[in-house]
Amino acid sequence: MGTKNRIIFHIDVNSAYLSWEAAYRLQHGATLDLRTIPSAVGGDATTRHGIILAKSIPTKPYKIQTGESLYSARLKCPNLTVVPPRYHLYMQCSKALVSLLEEFSPSIQRFSIDEVFLDYSNMDIHWGDPIDAAHRIKDRIKEELGFTVNIGVSSNKLLAKMASDFEKPDRVHTLFPHEIQGKMWPLPVEELFMVGRATTSKLHKKGIFTIGQLAISDPELLTQWLKSHGRLIWQLANGLEDSPIREDYPVKGLGNSATLPFDAEDRETSHRALLSLTETVAMRLRDIRKFAGVLSISIKDRDFQSYSHQRKLEVPTHSTNILYGIACELFDELWQGQPLRHLGVRASQLHRDDLYQLSFFKGDIERQKALDTAVDKIRAQYGCDSVMRSSFLYSGLSPMMGGVIQEEEYPMMSSLL
DNA sequence: TCTGGGGTCCTAGGACCC
DNA sequence: TCTGGGGTCCTAGGACCC
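Predicted model only: the values in this text are computed from it and were never measured.

## Here we look at the overall build of chain A
Reasoning step 1: When you go through chain A residue by residue, the secondary structure sums to 13 helices and 13 strands.
Reasoning step 2: Seen along its three principal axes, the alpha-carbon backbone of chain A occupies a region of about 65 × 50 × 50 Å.
Reasoning step 3: A total of 417 residues make up chain A; the buried ones form 48% of that total.
Reasoning step 4: Contacts spanning at least 24 positions in sequence make up 64% of the contacts within chain A whose residues lie at least 6 apart.
Reasoning step 5: For chain A, the computed accessible surface area is about 21,300 Å², with 54% contributed by carbon and sulfur atoms.

Given below as structure tokens:
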């Protein structure tokens, strides 16, 4: 990777879930464009998933935040139109976006479902001036896919990402190093990537309110005070960032968690929820041919207090039954008896699933593997609900909890961009 | 019926070893 | 005896991102 004269694009779908929903509905006969009215994509409050996942630009005056409860959003904006999410649709839209972008550069990093970095360095011989090319890309996405994006253009990923966050929608913005003082430093410090709620409040207490004030602070003092994070945000405030576009890199861990439709008050119900989550996690592990080296469970009680417990496995595995057994042991060691709102299961320290160590349990491993393989095949052919454990009948719990099964697992965001 | 679910990375303390 | 110190591994919790 050349360090000089890189040209990086950051493509950010405007109000992604909502735009995708609106585009899909228009293509299927709807006459009203959700993007033109105060509207939001939100979860189902009756099953305690009632939060705002995405909101339209006309909701701006109401100051509704993503992640806020529907209840509170409707207090702020009584005529808010809320539609339920369709994650499979959003993954298809994301995929279509990436496919289109791949025409313009071989070096692309999918940063999240709705954000992509594209390395345009040396691509001007094919597609011309970067700013012109960014406009053409943006316009093609609008025409061919039916939704708008912002494109940020700069010489590194951080600045490109900050640029794409400027005025929306359907815009191309630049933020080259010489523009940092004028365009980025006046912004509130909380708008800097990696400055979240906790850091914002600490910075405010020290009188730092803008990105510029952070940038001219003493990096040594920031480092003493906020450890490595202090140095990181000082560098980002100064536009100093040089990470490469990472086309593919290994997934570090994967997990599923869910807020239950009702509190789990007894051990059996919690175990059943853990089984449901473990089914999904283990199937995903098998799908990417990885063993879990560590299994973690997490719980959240009525007061939103979270606890977690994890264990390194003596023998890494992706067997549903073995992982479920460990999840239950971890749960029994962790749970204090209080009603639980939320449970999670997560696998980390992933290892390749070939070349596993010979052990006394090899016969058992092979037997578990044969069972899992059979179930995976049936589910692939007839759907996830074609095979389920009888304990889920009449339990009020889904046999495979945890969002969407991805077609391809790809790693999501890292703080290193 | 107020508060989701998917990730990555860092820190701090204790165990353990030399 | 009156209290080393460096290194690694493991675990829990918290910060951040979308």
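## Focus: the packing of helix α11 (residues 267-287) against helix α12 (residues 320-334)
Reasoning step 1: As a packed pair, α11 and α12 sit with axes 9 Å apart at the nearest point and diverge in direction by 140 degrees. In this view, α11 runs oblique relative to α12, as classed from their interaxial angle. Handedness of the crossing formed by α11 with α12: right-handed. On α12, the residues touching Arg267, Ser270, His271, Leu274, Leu275, Thr278, Glu279, Ala282, Leu285 and Arg286 of α11 are Thr320, Leu323, Tyr324, Ala327, Cys328, Phe331 and Asp332.
Reasoning step 2: Its residues assigned to classes, the contact of α11 with α12 shows nine nonpolar, four polar and four charged.

## Considering the sheet that holds strand β5 (residues 108-112)
Reasoning step 1: The five strands lie next to each other as β5-β6-β1-β7-β8, forming an open sheet whose pairing is mixed. The open sheet terminates on both sides in strands that have one partner only, identified here as β5 and β8 (172-174). Ignoring which end each strand starts from, the neighbouring axes of this sheet average 20 degrees apart.
Reasoning step 2: As defined by bridge partners, strand β1 (residues 8-13) adjoins strand β7 (residues 149-154) across six bridges and the pair is classed as antiparallel. Looking at the pairing, Val13 lines up with Val149 of β7.
Reasoning step 3: Along the sheet, helix α5 (residues 130-145) makes contact with β1, β7 and β8, crossing β7 at roughly 165 degrees.
Reasoning step 4: Those strands touched by helix α6 (residues 157-164) are β1, β5, β6 (115-119), β7 and β8, and its axis lies near 145 degrees from that of β7.

## Thoughts on the packing of aromatic side chains
Reasoning step 1: In total, this model carries 11 aromatic pairs according to the counting rule given.
Reasoning step 2: Centroid distance Phe104 to Trp127: 5.0 Å. Interplanar angle 50 degrees. Geometry classified as tilted. Within this pair, whereas Phe104 is found in the loop between α3 (87-102) and β5, its partner Trp127 is found in helix α4 (residues 124-127), the two being separated by 23 residues in sequence.
Reasoning step 3: For Phe104, a relative accessible area of 4% corresponds to the buried category.
Reasoning step 4: What links up through ring pairs into an aromatic cluster is the set Tyr17, Trp20, Tyr87, Tyr90 and Phe147.
Reasoning step 5: Over the ring of Phe117 we find Lys157, and its NZ or CZ is 5.2 Å from the ring centre.
Reasoning step 6: Seen from the ring of Tyr249, Arg246 lies directly overhead, with NZ or CZ sitting 4.1 Å from the centre.

## Observations concerning unusual backbone geometry
Reasoning step 1: Following Lys168, the chain continues into Pro169 via a peptide bond in cis, with omega recorded as 0 degrees.
Reasoning step 2: For Lys63, which is not glycine, the phi torsion reads 60 degrees and is therefore positive.
Reasoning step 3: Relative to the elements of secondary structure, Lys63 occurs in the loop between β3 (52-55) and α2 (70-76).
Reasoning step 4: A relative accessible area of 59% places Lys63 in the exposed class.
Reasoning step 5: Despite not being glycine, Phe304 has its phi angle at roughly 65 degrees, a positive value.
Reasoning step 6: Positionally, Phe304 belongs in the loop between β10 (290-301) and β11 (306-317).
Reasoning step 7: Among the residues examined, Phe304 registers a relative accessible area of 49% and is labelled partly exposed.

## Some thoughts on the protein's contact with DNA strand B
Reasoning step 1: Neighbouring DNA strand B are 30 residues, the closest being Asn256, Ser257, Thr259, Arg284 and Phe304.
Reasoning step 2: Take the atoms of DNA strand B that sit within 4 Å of the protein: sugar and phosphate atoms are 70% of them.
Reasoning step 3: Between His49 and DNA strand B, the recorded distance is 2.8 Å, taken from a side-chain N or O atom to a phosphate oxygen.
Reasoning step 4: The separation between a phosphate oxygen of DNA strand B and a polar side-chain atom of Lys252 is 2.9 Å.
Reasoning step 5: The dominant element in the surface near DNA strand B, judged by the number of residues it contributes, is strand β9 (residues 253-264), at seven residues.
Reasoning step 6: Looking at side-chain class alone, the surface near DNA strand B contains nine nonpolar, 15 polar and six charged residues.

## Details of the domain arrangement of chain A
Reasoning step 1: Entries for chain A in the domain assignment read domain 1 (1-177), domain 2 (185-237) and domain 3 (253-392).
Reasoning step 2: Just the C-alpha atoms count here: the centres of domain 2 and domain 3 sit 39 Å apart.

Rules of the game
- Every chain is numbered on its own, with residues counted from 1 as its sequence reads.
- Ligands are numbered from 1 and chains lettered from A, in the order in which they are written.
- pLDDT decides what is reported in this predicted model: residues at 70 or higher carry local features, side-chain atom pairs at 80 or more are listed and counted, and totals for whole chains, interfaces and linings draw on all residues regardless.
- Neither water nor hydrogens contribute to the side-chain values; these are computed over all heavy atoms in the structure.
- In DSSP terms, a helix is any run of H or I states spanning at least four residues, a strand is any run of E spanning at least two, and both are numbered starting from the N terminus.
- Categorising residues by exposure relies on relative accessible area from a 1.4 Å probe, with only protein chains included: less than 20% of the type maximum marks a residue as buried, more than 50% marks it as exposed, and the intermediate range marks it as partly exposed.
- Two residues form a contact once any of their heavy atoms are found within 4.5 Å.
- Accessible surface area values rest on a Shrake-Rupley calculation with a 1.4 Å probe, where residue burial reflects the displayed protein chains alone.
- To get an axis, a line is fitted to the C-alpha atoms, and for a helix only the part in contact is used. The angle between two axes follows their N-to-C directions and goes from 0 to 180 degrees.
- The labels follow the angle: roughly parallel below 35 degrees, roughly antiparallel above 145, roughly perpendicular from 65 to 115, and oblique for the rest.
- Left-handed describes a crossing whose near helix is turned anticlockwise from the far helix through less than a right angle; right-handed describes the clockwise counterpart.
- Each residue gets one label: Ala, Val, Leu, Ile, Met, Phe, Trp, Tyr, Cys and Pro are nonpolar, Asp, Glu, Lys and Arg are charged, and the others, such as Gly, are polar.
- Strands were regarded as paired on the criterion that DSSP finds at least two bridges between them.
- Here the aromatic set is Phe, Tyr and Trp, taking the six-membered ring for Trp, and pairing holds for ring centres within 6.5 Å; pairs whose planes are under 30 degrees apart are stacked, those over 60 apart are edge-to-face, and all others are tilted.
- Two conditions define a charge located above a ring, namely a distance within 6 Å from the ring centre to NZ of Lys or CZ of Arg, and an angle within 35 degrees of the ring normal.
- The rule for a residue being near a molecule or strand is that one of its heavy atoms must lie within 4 Å of it.
- The definition of a polar contact used here is a pair of N or O atoms within 3.5 Å, where within protein one atom must be able to donate a hydrogen and the other to accept one, and adjacent residues in sequence count solely through side-chain atom pairs.
- The domain limits used here are those given by an automatic or database domain assignment.

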